[in-house]
Amino acid sequence: MVAEFGNVTTVGYGPKPEGADEHLQVPDGLSTLPQTPLGIAKLGLRRLRAAELDAPASRWVLQALSGRRFDVVVANEARILALADRVADGAPIWADMHEWAPEERTHILSWRLLVAPLMDHLCRTYLPRCAAITTVGDRIGELYLSRYGVEARTMRNSSPYRDLPVGDVTDDVVRLVHSGAAVQGRNLELTIDVVSALPERFSLDLYLVPANDGGKYLRSLTERAPVDGRVRFLDPVPPMALPDTLNSYDLGVFWLPPVHTNGRLTLPNKYFDYVQARLGIAVGPSPEMADLTERHALGVVADDFRPETITASLRDVTSEEIRTWKQHADHAAHELSFESDAQVARDILGALLTA
């Protein structure tokens, strides 16, 4: 979509993304945080200004882009705001913040003590200098306004529209599905425990990408699954293939207790994948997901995150209810697609390039 407005140079890990005219591939071993002995010392001493560009990846990018000039710079998340400011050299910056950066991983002690102050410093220093800011949800935008005095527009992590059929529903069988990453803190144990407590007509398939822990957390989940085979672990599929893969299921599920702000306000890609797959949806009282689920009558919202409450919210669902929810997902698929959210990006780029 950005390519509609001119030549695009991308900088990041992995191969050249679709739509880029030029791609500078950051070496995989370089961190986007100042995870060097000197960088960690600066964080510990709260020498935050001095640590802004100490990340190995930032140093590499500055060297790779030395002498280059750009009309607009898009910064992906808070950790590279200082880098974007340096690269922009006065050009307008669009900060795509996604979630609430000051509490990105505050459930991890080292992050909370060392990195969170840096994220707060970067946001406080550089967001007021940005020409545009986006987040994935309205409530997260309100946090940026409250703490940093900056207006943010909402651009959700939605999926491209897919013209898929509404799948059949089998009486007396409920096929649940969850897709995502097997990352500690997502509390997928809760999902497994809920299914274990549901009647035998319920089953769960998990399409999980292993975390960077050698698969340790994923193995712990497989060991927790009931021995009756109602919980299966299947190989992950590419993001663009997910709606087709999920289309045969009944309900997409995601229950994430609010252990931190981003967990409480989560509105993840998987939610929109479920909609494009024409599934009913089962979530907890996470306000962003609950609002959409109730507004479009897509499924069931549990009253809280206790396993027994979630189990009760699903235990008596009927095949007719599931059929209705899947039909409602079909009706909402256009509105809850990337094609709808992409207009926000078009408006931003159009304004920045004509200012």
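Each remark here, short or long, concerns the structure printed above.
Residues numbered from 1 in each chain as written. Predicted model: local features only at pLDDT ≥ 70, side-chain atom pairs only at ≥ 80, totals over all residues. Heavy atoms only, no water.

1. What to know about the sheet that holds strand S12 (residues 299-301)
One open sheet holds the 6 strands; their spatial order is S9-S8-S7-S10-S11-S12, and the pairing between them is parallel. Of all strands in the sheet, those with a lone pairing partner are strand S9 (231-234) and S12, marking the two edges. Between one strand and the next, the sheet's axes are offset by a mean angle of 25°, whatever the strand orientation. Bridge analysis of strand S8 (residues 202-210) against S9 gives 4 bridges, and the strand direction is parallel. Looking across to S9, one finds that Tyr207 is bridged to Leu234. Where helix H7 (residues 188-197) meets the sheet, its contacts fall on strand S7 (174-182), S8, S9 and strand S10 (251-254), and the angle it forms with S8 comes to roughly 160°. (Pairing = 2+ DSSP bridges. Helix = DSSP H or I, 4+ residues; strand = E, 2+ residues; numbered from the N terminus. Axes fitted to C-alpha atoms, helices over the stretch in contact; angles between N-to-C directions. Contact = heavy atoms within 4.5 Å.)

2. A short note on the packing of H7 against helix H8 (residues 216-224)
For the pair H7 and H8, the least separation of the axes is 10 Å and the interaxial angle reads 15°. The angle between the axes of H7 and H8 places the two elements in the roughly parallel class. Seen along the crossing, H7 lies across H8 with a hand that is right-handed. Mapping the contact onto sequence places Leu188, Glu189, Ile192 and Asp193 in H7 and Tyr217, Leu221 and Arg224 in H8. Grouping the amino acids of the contact of H7 with H8 by side-chain chemistry returns 4 nonpolar, no polar and 3 charged. (Parallel < 35°, antiparallel > 145°, perpendicular 65-115°, else oblique. Left-handed = near helix turned anticlockwise from the far one by under 90°. Nonpolar A, V, L, I, M, F, W, Y, C, P; charged D, E, K, R; others polar.)

3. Examining the nonpolar core
In this structure, Leu81, Met97, Met119, Cys123, Leu127 and Tyr144 are the most contacted members of the largest nonpolar core, which totals 42 residues. If you list the elements that add at least two residues to this core, you get helix H2 (48-51), helix H3 (56-64), strand S3 (73-76), helix H4 (81-88), strand S4 (93-98), helix H5 (109-126) and helix H6 (138-148). The dominant element in this core, judged by the number of residues it contributes, is H5, at 8 residues. If we skip the residues at most four places from it in the chain, Met119 touches Leu33, Ala78, Arg79, Ala101, Pro102 and Trp111. Ranked by size, the runner-up nonpolar core spans 31 residues in total, among them Leu188, Leu218, Leu251 and Trp255. (Core = buried A, V, L, I, M, F, W, Y, C linked by side-chain atoms within 4.5 Å. Buried < 20%, exposed > 50% of the residue type's maximum accessible area, 1.4 Å probe, protein only.)

4. Looking at H6
Residues of H6 that are buried include every one of Ile140, Gly141, Tyr144 and Tyr148, and no others. Across the axial projection of H6, the buried residues extend over an arc of 105°, all falling on one side. Along H6, exposed side chains directed more than 90 degrees from the buried face belong to Glu142 and Ser146. For H6, the elements touching its buried residues are S4, H5, strand S5 (132-135) and helix H10 (261-264). (Arc of directions from axis to C-beta.)

5. Some details on the side chain of Lys42
In this structure, Lys42 sits in helix H1 (residues 37-44). Once you skip the residues sitting within four places of it in the chain, Lys42 turns out to touch Arg47, Ala50, Ala51 and Asp54.

6. So, the packing of H5 against H6
As a packed pair, H5 and H6 sit with axes 10 Å apart at the nearest point and diverge in direction by 75°. Classified by the angle their axes make, H5 and H6 are roughly perpendicular. Contacts between H5 and H6 pair Asp120, Cys123 and Arg124 from the former with Tyr144, Arg147 and Tyr148 from the latter. When its residues are assigned to classes, the contact of H5 with H6 shows 3 nonpolar, no polar and 3 charged.

7. Remarks on the pattern of salt bridges
Here the structure, examined in full by the defined rule, presents 24 salt bridges. The shortest N-O distance in the salt bridge between Asp341 and Arg156 comes to 3.1 Å. With Asp341 in helix H15 (residues 338-354) and Arg156 in the loop between strand S6 (153-154) and S7, the pair connects residues that are 185 residues apart, well separated along the chain. Salt bridges linked by common partners bring Lys42, Asp54 and Arg59 together as one network. (Salt bridge = Lys/Arg side-chain N within 4 Å of Asp/Glu carboxyl O.)

8. Looking at the packing of aromatic side chains
On inspection of all chains with the given rule, the structure shows 5 aromatic pairs. Their ring planes at 40° and their centres at 5.9 Å tell us that Trp100 and Tyr148 sit as a pair that is tilted. With Trp100 in the loop between S4 and H5 and Tyr148 in helix H6, the pair connects residues that are 48 residues apart, well separated along the chain. This pair shows no difference in class: Trp100 is buried, exactly as Tyr148 is. Aromatic side chains Tyr144 and Tyr148 sit 6.2 Å apart centroid to centroid with 35° between the ring planes, which places their arrangement in the tilted category. Here Tyr148 and Tyr144 lie together in helix H6, a separation of 4 residues that amounts to about one turn. Residue classification places Tyr148 among the buried residues on the basis of a relative accessible area of 9%. Positioned above the aromatic ring of Tyr249 is the side chain of Arg175, whose terminal nitrogen or guanidinium carbon lies 4.3 Å from the ring centre. (Phe/Tyr/Trp six-rings, centres within 6.5 Å; stacked < 30°, edge-to-face > 60°. Lys NZ or Arg CZ within 6 Å of the ring centre and 35° of its normal.)

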